[in-house]
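For reference, the chains in residue letters:
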Amino acid sequence: MSTYNLKINGTKHSVNVASETPLLWVLRDTLGLVGTKFGCGIGQCGACTVHLNGIAVRGCQTPVSAAVGLEITTIEGLSQDGTHPLQKAWCELDVAQCGYCQAGQIMTAASLLARNPNPSDQDIDDAMAGNLCRCATYTRIRAGIHHAANLAANKEAKV
Amino acid sequence: MNTQSSELNRRAFLKVSTLVSTGLFLGYYINSSDDAVGEVSKLKPEALDSTFSPNAFISITKDGTVTLVSARPEIGQGIKTSLPMILAEELGVNWKDVKVVSVPLNSIYGGQAAGGSTSTPTSYLRLRRLGATARTLLVQAAANSWGVPAAECKVKDGSVIHTPSARTVKFGDLVDAASKLPVPNEASVRLKDPSEFTLLGSRVSGVDNDKVVTGKPLFGIDQVVPGMVYAVYAKCPVWGGKVVSANLDVVKAQPGVRDAFIINETVPYHNNPVLGLVPGVAILADSTWNAFSARKQLQVVWDEGAFAKDSWAGYKEKAKQMVQTGEGLKRVRNDGDVDKAFESATTLHEADYHFAFIGHTNLEPQNTTALVTGDKVQLWSPTQNPTDVQNSVAEALGIEPENVSIVITRIGGGFGRRLHPDPAIEAAVIAKKSKSPCKTCLVKRR
């Protein structure tokens, strides 16, 4: 057991856990940030996707010790009030079915849009390939990312 | 399976259908009698002051707030949105003024299972009648106050309108008067003609979309009870097996582990000894991760029992033998004259079909949160079949079903797997034995 100082969604947290504990379980069990989901535990489904310095990583494969000193962002901190273009697009297009995978989908998509504001279908498929949806909402996820890209572009154009 | 499903009452239907294939669900779907009238009057809850609540699904307060109940599990099929839409359509309120609430298991809501794609068809007419009954009372209250025939009044966007005199009154202002009227026979109320629908058939956003995209704790696995432990349950890998011994001392010495114990009892599920609670080893820890890590150190000597040598290859061979000898075969359908049709056919096609056992792979791992207090149990359960959870947990703990309370959470994928109550039984038994509230979680990879 060691103490780790983490910065999550802009807030500092100090947790006392074993060094190999995955960030996923620190978020969910230690800190109660349950928006990040446990799906498979082996980095195969993407439900636990969070950002480290803006880059999408698998929370279940990231030891807490590796997240120290980095900006950790979870679905709860993607925006202040649920108005990230992806969150708005997801609501407008009813992307979710059961919704369990969608936090991970949105976090991966957010990382994509940050480096590629206008992705093609192929760009989206390549970036999202590691995020599984058992309800198979893939076509709406793709539409949602395009819609979010448009929302973000229009907002910029207005500014 | 024979075709007696049309004669099954609801409870029998659930009992039987969860044990077999989806075939009976289809039978029930076609022969559904859940739409039948006669239940609505039983659905009236305790009356609340200042609230018009003619049945358990609808309440309207004086400030005009319309609260509609969504009683069945949301699995991603969308019924938390679509079922209240049915109520709202007949009631005549604007969807934007509606607040939708989920409710715990309670017989006042009628059936609360979701399976076999039956929730909407079996709820449709019933919910329409509930909405129309409330509308009828509100219209009557308005008509009485104006001294005009109810037939001259219509409803729109949460108001009753009397066109000839150009008068309008909001539902909220009718709460007291409508609450005093006798609830009419639900069969007598006028349902809208589908051509009058304004909400049904339109596209509305899922009521929990904003919560899904911001990571709110909607799912079973997200529930937290103060002081709870995190548990995993290592079940015998063969149905019908038992625990002979386990290295509990090693497991208990792992970081964060609070307790570990063997459960060697079985609790049958609908008389099937291999469903429900089966023997295994429970490990309780201060976090899911520590429980999972301790699970990796667990070594169990199993008595795998009578089915240890069963195999897919063996089943295939047995099926082949049965087809060849005819022994044990049962004709399940016989529409028309099948034998004659085969005899008179010019070409015969023959094929063998094999359907392998396939996991449901729900993305949300099986889990339940349980709090046992004396002879009462509170469960937070991502179940498609809360009534079966209630009955089977009661049986496992030797308590009355009414002492098992169930919060039905949103479900991260059902696919029929969550029609079975085993995760809830395990959580309740572990919580009782450990004298600690617990959340169980399936380890997907060992």
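Residues numbered from 1 in each chain as written. Chains lettered and ligands numbered in written order. Predicted model: local features only at pLDDT ≥ 70, side-chain atom pairs only at ≥ 80, totals over all residues.

## Observations concerning the overall build of chain B
So, point 1. The number of helices and strands found in chain B is 12 helices and 18 strands.
So, point 2. Counting all 446 residues of chain B, 42% fall into the buried class.
So, point 3. Across chain B, every contact between residues at least 6 apart in sequence was considered, and the portion connecting residues at least 24 apart equals 73%. (Helix = DSSP H or I, 4+ residues; strand = E, 2+ residues; numbered from the N terminus. Buried ≥ 20, exposed ≤ 12 C-beta atoms within 10 Å, placed from the backbone. Contact = placed C-beta atoms within 7 Å.)

## Quick notes on the pairing of strand β17 (residues 404-408) of chain B
Residue and element names in this part refer to chain B.
So, point 1. The side-chain alternation of β17 yields one buried face, formed by Val404, Ile406 and Ile408, and one unburied face, formed by Ser405 and Val407.
So, point 2. The pairing of strand β16 (residues 376-381) with β17 spans five bridges and is parallel. Along β17, the bridge assignment pairs Val377 with Val404. (Pairing = 2+ DSSP bridges.)

## As for the sheet that holds strand β6 (residues 159-162) of chain B
Residue and element names in this part refer to chain B.
So, point 1. Pairing is antiparallel in the open sheet, where three strands are placed in the order β5-β6-β7. The open sheet has two edge strands with one neighbour each: β5 (153-156) and β7 (167-170). Recorded for the sheet is a direction-independent mean angle of 25° between the axes of neighbouring strands.
So, point 2. Bridging between β5 and β6 involves four bridges; their strand directions are antiparallel. Counterpart to Cys153 in the pairing with β6 is His162.
So, point 3. Sheet strands touched by helix α4 (residues 119-146): β5, β6 and β7. Its angle to β5, the strand with the most contacts, is close to 130°. (Axes fitted to C-alpha atoms, helices over the stretch in contact; angles between N-to-C directions.)

## Some thoughts on the interface of chain A and chain B
So, point 1. Contacts between chain A and chain B engage 35 residues on the former and 30 residues on the latter.
So, point 2. Residue composition of the side of chain A that touches chain B, grouped by class: 19 nonpolar, 12 polar and four charged. (Nonpolar A, V, L, I, M, F, W, Y, C, P; charged D, E, K, R; others polar.)

## Remarks on the domain arrangement of chain A
Residues and elements named next belong to chain A.
So, point 1. Along its sequence, chain A is organised into domain 1 (2-77) and domain 2 (85-158).
So, point 2. Using only C-alpha atoms to locate each centre, domain 1 and domain 2 end up separated by 21 Å.
So, point 3. On the domain 2 side, the residues contacting the 15 residues of domain 1 number 12 residues.
So, point 4. Residue assignment for the side of domain 1 that touches domain 2 shows that the elements contributing at least two residues are β3 (49-52) and β4 (55-58).
So, point 5. The greatest single-element share of the side of domain 1 that touches domain 2, amounting to three residues, is contributed by β3.
So, point 6. When the residues that make up the side of domain 1 that touches domain 2 are grouped by side-chain class, the tally is seven nonpolar, seven polar and one charged. (Domains from an automatic or database assignment.)

## A word on helix α3 (residues 79-91) of chain B
Residues and elements named next belong to chain B.
So, point 1. Between its first and last C-alpha atoms α3 spans 18 Å; for 13 residues at 1.5 Å apiece the expected length is 18 Å, and the two agree.
So, point 2. Burial runs high along α3: 11 of the 13 residues are buried.
So, point 3. Among the residues of α3, Ile79, Lys80, Leu83, Pro84, Met85, Ile86, Leu87, Ala88, Glu89, Glu90 and Leu91 are the ones counted as buried.
So, point 4. Where α3 is buried, its residues contact β2 (58-61), β3 (66-70), β4 (98-102) and α4. (Expected span 1.5 Å × (residues − 1).)

## Overview of the nonpolar core
So, point 1. Residues Ile106 of chain A together with Leu138, Ala231, Ile283, Leu379, Val393 and Ala428 of chain B are the most contacted members of the largest nonpolar core, which totals 139 residues.
So, point 2. Leave out the neighbours within four places in its chain, and Ala428 of chain B touches Ala370, Val372, Val377, Leu379, Val393, Ala396 and Leu397 of chain B. (Core = buried A, V, L, I, M, F, W, Y, C linked by C-beta atoms within 7 Å.)

## Structural notes on unusual backbone geometry
Working note: non-glycine residues mostly have negative phi, and peptide bonds are mostly trans.
All names here are of chain A.
So, point 1. Notably, Asp94 is not glycine yet its phi reads approximately 50°, a positive angle.
So, point 2. By secondary structure assignment, the location of Asp94 is in the loop between α2 (85-92) and α3 (102-115).
So, point 3. A residue is classified by how many C-beta atoms lie within 10 Å of it, and Asp94, with 17 of them, is partly exposed.
So, point 4. The phi angle at Ala136 is positive, at roughly 65°, despite the residue not being glycine.
So, point 5. Here Ala136 is to be found in the loop between α4 (121-128) and α5 (138-158).

## A word on the sheet that holds β16 of chain B
Residues and elements named next belong to chain B.
So, point 1. Overall, mixed pairing links the seven strands, which are arranged β10-β13-β8-β18-β15-β16-β17 in an open sheet. Both outer strands of the open sheet, β10 (257-263) and β17, are each paired with one neighbouring strand and no more. Pairwise comparison of adjacent strand axes, ignoring direction, gives a mean angle of 20° for this sheet.

## A closer look at the domain arrangement of chain B
All names here are of chain B.
So, point 1. Structurally, chain B comprises domain 1 (34-210) and domain 2 (220-307 + 361-441).
So, point 2. With centres defined by C-alpha atoms, the gap from domain 1 to domain 2 works out at 39 Å.
So, point 3. Across the boundary between the two partners, domain 1 contributes 12 residues, which contact 16 residues of domain 2.
So, point 4. Residue composition of the side of domain 1 that touches domain 2, by class: six nonpolar, four polar and two charged.

## Here's the deal with the environment of Phe415 of chain B
So, point 1. Tracing the chain through its elements places Phe415 of chain B in the loop between β17 and α12 (422-434).
So, point 2. Separated by 340 residues in sequence, Phe415 of chain B and Ile75 of chain B place their C-alpha atoms 8.6 Å apart.

## A look at the packing of α3 of chain B against α4 of chain B
Residues and elements named next belong to chain B.
So, point 1. α4 packs onto α3 with a crossing angle of 35° between their chain directions and a minimal axis gap of 7 Å. When the axes of α3 and α4 are compared, the crossing they make is right-handed. Judged by residue contacts, Ile79, Ser82, Leu83, Ile86, Leu87, Ala88, Glu89, Glu90 and Leu91 of α3 engage Ser119, Thr120, Ser123, Tyr124, Leu127, Arg128, Leu130, Gly131, Ala132, Ala134 and Arg135 from α4.
So, point 2. Class assignment for the residues of the contact of α3 with α4 results in 11 nonpolar, five polar and four charged. (Left-handed = near helix turned anticlockwise from the far one by under 90°.)

## So, α12 of chain B
So, point 1. Its 13 residues place the ends of α12 of chain B 18 Å apart at the C-alpha level, agreeing with the 18 Å of an ideal helix rising 1.5 Å per residue.
So, point 2. For α12 of chain B, every residue scored as buried is listed here: Asp422, Pro423, Ala424, Ile425, Glu426, Ala427, Ala428, Val429, Ile430 and Ala431 of chain B.

## Here's the deal with the pairing of β3 of chain A
All names here are of chain A.
So, point 1. Two strands pair when backbone bridges link them, and β3 and β4 are joined in this way by four bridges, in the antiparallel orientation. Residue pairing for β4: Thr49 is matched across the bridge by Arg58.
So, point 2. Linking β3 back to β4 in an antiparallel pair, the connection comprises two residues, with Asn53 at a positive phi of about 50°.
So, point 3. Relative to strand β5 (residues 71-73), β3 runs antiparallel, the two sharing two bridges. Bridged to His51 within β5 is Thr73.

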